[in-house]
Amino acid sequence: AQSVTQPDIHITVSEGASLELRCNYSYGATPYLFWYVQSPGQGLQLLLKYFSGDTLVQGIKGFEAEFKRSQSSFNLRKPSVHWSDAAEYFCAVVIYGGSQGNLIFGKGTKLSVKP
Amino acid sequence: SQTIHQWPATLVQPVGSPLSLECTVEGTSNPNLYWYRQAAGRGLQLLFYSVGIGQISSEVPQNLSASRPQDRQFILSSKKLLLSDSGFYLCAWSDDFVGTSSYNEQFFGPGTRLTVL
């Protein structure tokens, strides 16, 4: 069955440090991949997405992600974390059932930022 | 521009009581609409989606139901709430889905926090 795995439930980094959040997927075809961010008590905001082409995609707020087909991974990175990046991050993949594509989410990684 | 609204923002209900959560979208027509639930430690789970008025697809068997009485209105309901229905409910919309080789980005509402006591 298709699935998305985010192996890290909670990560703490110091402000200004680099960040990498891991995401692995299980899907037979070429996936559409997404990273969303959720601030406490808020809805989800799309950070970036990969459909095809260049495997390194740039997103909003200085985030980027790299699609590695050989590793079935789509890790999210940021070179220097800001305190406002503290939030929960969700990786997602689209799967198709009939003519409808639906998002399957990982369980999320909560990011805490130390001053 | 398009906007999506959910209400109420928070809700505390006793076990066995009914539920009605509403989601409306403005600035678009014939959107695809989605209900997700986010339970602690379990990520987001798609509950229902709708591609048109009166057309509802259920992704998981559960105590909840959904309806789409108008093009841009999506309602999540229950006749009798269970403790396990507690969670954060998110509504989302996307443009009308076209073909099997494309995907339209989903835009999420602010959510409703439901606590069942």
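Residues numbered from 1 in each chain as written. Chains lettered and ligands numbered in written order. Predicted model: local features only at pLDDT ≥ 70, side-chain atom pairs only at ≥ 80, totals over all residues. Heavy atoms only, no water.

Visitor: Is there a simple way to explain the overall build of chain A in this structure?
Guide: Assigned secondary structure in chain A consists of zero helices and twelve strands. Along chain A, helices and strands appear, N-terminal first, in the series β-β-β-β-β-β-β-β-β-β-β-β. For chain A, the C-alpha radius of gyration of 14 Å lies close to 13 Å, the compact-globule estimate for 115 residues. With the C-alpha coordinates of chain A rotated into their principal frame, the extents come out at 45 × 30 × 20 Å. Across the 115 residues of chain A, 47% fall into the buried class. Within chain A, residue pairs in contact and separated by at least 24 positions form 53% of the contacts whose partners lie at least 6 positions apart. Within the structure as shown, chain A displays about 5,400 Å² of accessible surface, and the carbon and sulfur contribution to it stands at 49%. If the 10 positive side-chain charges of chain A are averaged to one point and the 8 negative ones to another, these points end up 4 Å apart. (Helix = DSSP H or I, 4+ residues; strand = E, 2+ residues; numbered from the N terminus. Rg over C-alpha atoms; globule rule 2.2 N^0.38 Å. Buried < 20%, exposed > 50% of the residue type's maximum accessible area, 1.4 Å probe, protein only. Contact = heavy atoms within 4.5 Å. Areas by Shrake-Rupley, 256 points an atom, 1.4 Å probe, with all protein chains shown as cover. Lys, Arg positive; Asp, Glu negative; His and termini not counted. Charge placed at Lys NZ, Arg CZ, Asp CG, Glu CD.)

Visitor: Any chance you could explain the packing of aromatic side chains here in plain terms?
Guide: How two aromatic rings sit relative to each other is given by the distance of their centres and the angle of their planes. What the rule picks out here adds up to 17 aromatic pairs over all chains. Judged by centre distance (6.4 Å) and plane angle (45°), the ring pair of A:Y50 and A:F74 falls under tilted. With A:Y50 in strand β6 (residues 44–50) and A:F74 in strand β9 (residues 73–78), this residue pair connects regions lying 24 residues apart in the sequence. Classification of A:F74 by relative accessible area gives buried; the value is 0%. Ring plane angle 35° and centroid distance 6.4 Å describe the contact between B:Y34 and B:Y49, whose orientation is recorded as tilted. Highlighted residues: B:Y34 in strand β4 (residues 32–38) and B:Y49 in strand β5 (residues 44–52), separated in sequence by 15 residues. Cluster of aromatic residues (ring-pair linked, three or more members): A:Y32, A:F34, A:Y36, A:F51, A:F90, A:F105, B:Y34, B:Y36, B:Y49 and B:F108. Geometry around A:F51 places A:K49 over its ring, the cationic atom sitting 5.6 Å from the centre. (Phe/Tyr/Trp six-rings, centres within 6.5 Å; stacked < 30°, edge-to-face > 60°. Lys NZ or Arg CZ within 6 Å of the ring centre and 35° of its normal.)

Visitor: Mind showing me how you'd approach the confidence of the model for chain A here?
Guide: Caution is warranted with low-pLDDT regions, since their predicted coordinates should not be read in detail. Put simply, chain A has an average pLDDT of 90, and 94% of its residues get 70 or more. Highest mean pLDDT in chain A belongs to strand β3 (residues 19–21) of chain A (98); lowest belongs to strand β11 (residues 100–105) of chain A (76). (pLDDT = per-residue confidence, 0-100.)

Visitor: Looking at this model, I keep getting lost on the side chain of B:R37. Mind explaining?
Guide: Residues and elements named next belong to chain B. Within the fold, R37 resides in strand β4. What makes R37 buried here is its relative accessible area of 14%. Engagement of the side chain of R37 in a polar contact is seen with the side chain of Y89, the distance being 3.1 Å. In this structure R37 touches G43, L44, Q45, L47, Q62, L64, S84, D85, S86, F88 and Y89, once residues within four positions along its chain are discounted. (Polar contact = N/O pair within 3.5 Å; in protein donor to acceptor, adjacent residues only side chain to side chain.)

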